[in-house]
Amino acid sequence: MSLSALPTLSEPLMIGWLYPKLMSTYGDRGNVTCLQRRCEWRGIPVRIQALDRDTDPSQFTQVDLIVGGGAQDRQQEIVMRDLQGAKAAALKGAIEVGVPGVFTCGAPQLLGHYYEPGLGQRIQGLGVLDLVTVHPGPDAPRCIGNLVLEVTAERLARELRLMLGDVPYLIGFENHGGRTKLGSVEPLARVVRGLGNNGEDQTEGAFHCNAIATYSHGPLLPKNPFLADWMIQTAIARRTGESCALNRLDDSLADRARSVMLQRLNVG
Ligand code: GLN
């Protein structure tokens, strides 16, 4: 595949940020900042659009990238009550047509069929991802700690390998009570260190169209900047109809942090 130089965009890339006030636990807003800065450093025009309770559903269809963070059970329920009808259809539609997105912890639980909290009623999800999540109850231990993952979702793994020339390991941090079981959706990754979707089957997250669902906070993108670049590259390709190569940025600090973490966790 030949890659062309970065095209000039007439309109800024729009990052849709799902419910910023309700869904941004454990620094997940860092994913938004990372996408924004990596665009700006390359001269790619970019804007952030909050997708929340006051947003008109039509805005949900105007985005080039989507970020959804984690939430506590109570906030998750508020979001689910709002994310119905036209908004739900627009978000589903955006994911299905291939808008790249990163959805962390509580966000993928909402994109699945349902989430059963430790206390209280089952919360119905959007059913975009074929997965269900059940919290085993307030006395069950939470899944907390550092994560190392090897991306196994076929197309994503292939494209990341091409970018990196190496095995695509992701580093992150998980903190969740819910245990997720996948149906027919492809897992994002294999757990190398940590617990992942449920602590049992070594799967982590899910990958559907260009949506990355994960339990990995961290936040994920600044810890794994190549994944942010994959999202930006995919968004530009969708907009222009052409694959493009992004110029490299100085990621030496992130690279050093990654090697320290991999060493500390005895990986590689
Ligand atoms: N409420 C969810 C759980 O505990 C999500 C938590 C989170 O997003 N960090 O499983």
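Residues numbered from 1 in each chain as written. Predicted model: local features only at pLDDT ≥ 70, side-chain atom pairs only at ≥ 80, totals over all residues. Heavy atoms only, no water.

1. So, the packing of helix α1 (residues 29-40) against helix α7 (residues 225-240)
Their axes nearest at 10 Å, the elements α1 and α7 cross at an angle of 70°. Between α1 and α7, the crossing angle belongs to the class labelled roughly perpendicular. Our pair here, α1 against α7, has a crossing hand that is right-handed. Residue-level inspection shows Cys34, Leu35, Arg38 and Cys39 of α1 in contact with α7, the latter providing Pro225, Ala228, Asp229, Met231 and Ile232. Partitioning the contact of α1 with α7 into residue classes produces seven nonpolar, no polar and two charged. (Axes fitted to C-alpha atoms, helices over the stretch in contact; angles between N-to-C directions. Helix = DSSP H or I, 4+ residues; strand = E, 2+ residues; numbered from the N terminus. Parallel < 35°, antiparallel > 145°, perpendicular 65-115°, else oblique. Left-handed = near helix turned anticlockwise from the far one by under 90°. Contact = heavy atoms within 4.5 Å. Nonpolar A, V, L, I, M, F, W, Y, C, P; charged D, E, K, R; others polar.)

2. Looking at the pattern of salt bridges
All chains considered together, the criterion is met by 10 salt bridges. A salt bridge links Arg38 to Asp251; its shortest N-O distance comes to 2.8 Å. With Arg38 in helix α1 and Asp251 in the loop between α7 and α8 (252-264), the pair connects residues that are 213 residues apart, well separated along the chain. Put simply, Asp82 and Lys87 hold a salt bridge, and the shortest N to O gap is 2.9 Å. Here the salt bridges do not stand alone but share partners, grouping Arg38, Arg42, Asp229 and Asp251 into one network. (Salt bridge = Lys/Arg side-chain N within 4 Å of Asp/Glu carboxyl O.)

3. Examining the pairing of strand β8 (residues 143-151)
For β8, a buried count of seven out of nine residues is recorded, marking the element as mostly surrounded by other parts of the structure. In this structure, β8 lies alongside strand β9 (residues 169-176), joined through eight bridges in antiparallel fashion. Counterpart to Asn146 in the pairing with β9 is Phe173. (Buried < 20%, exposed > 50% of the residue type's maximum accessible area, 1.4 Å probe, protein only. Pairing = 2+ DSSP bridges.)

4. Some thoughts on the UniProt feature "active site" (unreviewed entry) in the chain
Following the UniProt record, one finds the feature "active site" (unreviewed entry) at Cys105 and His217. A maximum C-alpha distance of 7.5 Å among these annotated residues, which run over 113 residues, shows that they cluster at one spot. In the annotated set above, the residues contributing to the lining of the largest cavity are Cys105. Here Cys105 is to be found in the loop between β4 (101-104) and α4 (106-111). A relative accessible area of 7% places Cys105 in the buried class. Excluding residues that lie within four positions of it along the chain, Cys105 makes contacts with Gly70, Asn175, His176, Thr214, Tyr215 and His217. Structurally, the position occupied by His217 is in the loop between β14 (211-214) and α6 (220-223). Taking relative accessible area as the criterion, His217 reaches 1% and is therefore assigned buried. Those residues in contact with His217 that lie beyond four places of it in its chain are Thr25, Tyr26, Asp28, Gly70, Thr104, Cys105, Gly172, Phe173 and Asn175. (UniProt positions renumbered as here; feature names shortened; annotations may be inferred. 1 Å grid on protein atoms, 1.4 Å probe; cavity = no way out; pocket = protein on both sides within 12 Å on 5 of 7 lines; lining within 4 Å.)

5. Some thoughts on the environment of Tyr215
Position of Tyr215 among the secondary structure elements: in the loop between β14 and α6. According to the relative accessible area criterion, Tyr215 is buried, its value standing at 3%. Taking the C-alpha atoms as reference, Tyr215 lies 23 Å from Phe60; in sequence the two are 155 residues apart. Only 2.7 Å separates the side chain of Tyr215 from the side chain of Thr180, close enough to count as a polar contact. (Polar contact = N/O pair within 3.5 Å; in protein donor to acceptor, adjacent residues only side chain to side chain.)

6. Things to note about the site of the ligand
In the vicinity of the ligand, 15 residues are found, and the nearest of them are Ala71, Asp73, Cys105, Gly177 and Gly178. Interatomic distance of 3.1 Å between a side-chain N/O atom of Gln76 and a nitrogen atom of the ligand. A distance of 3.2 Å is found between a nitrogen atom of the ligand and a backbone nitrogen or oxygen belonging to Asn175. Burial of the ligand by the surrounding chains reaches 98%, relative to a free accessible area of 290 Å². For the shell around the ligand, the elements supplying multiple residues, two or more each, are α2 (73-82), α4 and β9. (Near = heavy atom within 4 Å. Areas by Shrake-Rupley, 256 points an atom, 1.4 Å probe, with all protein chains shown as cover.)

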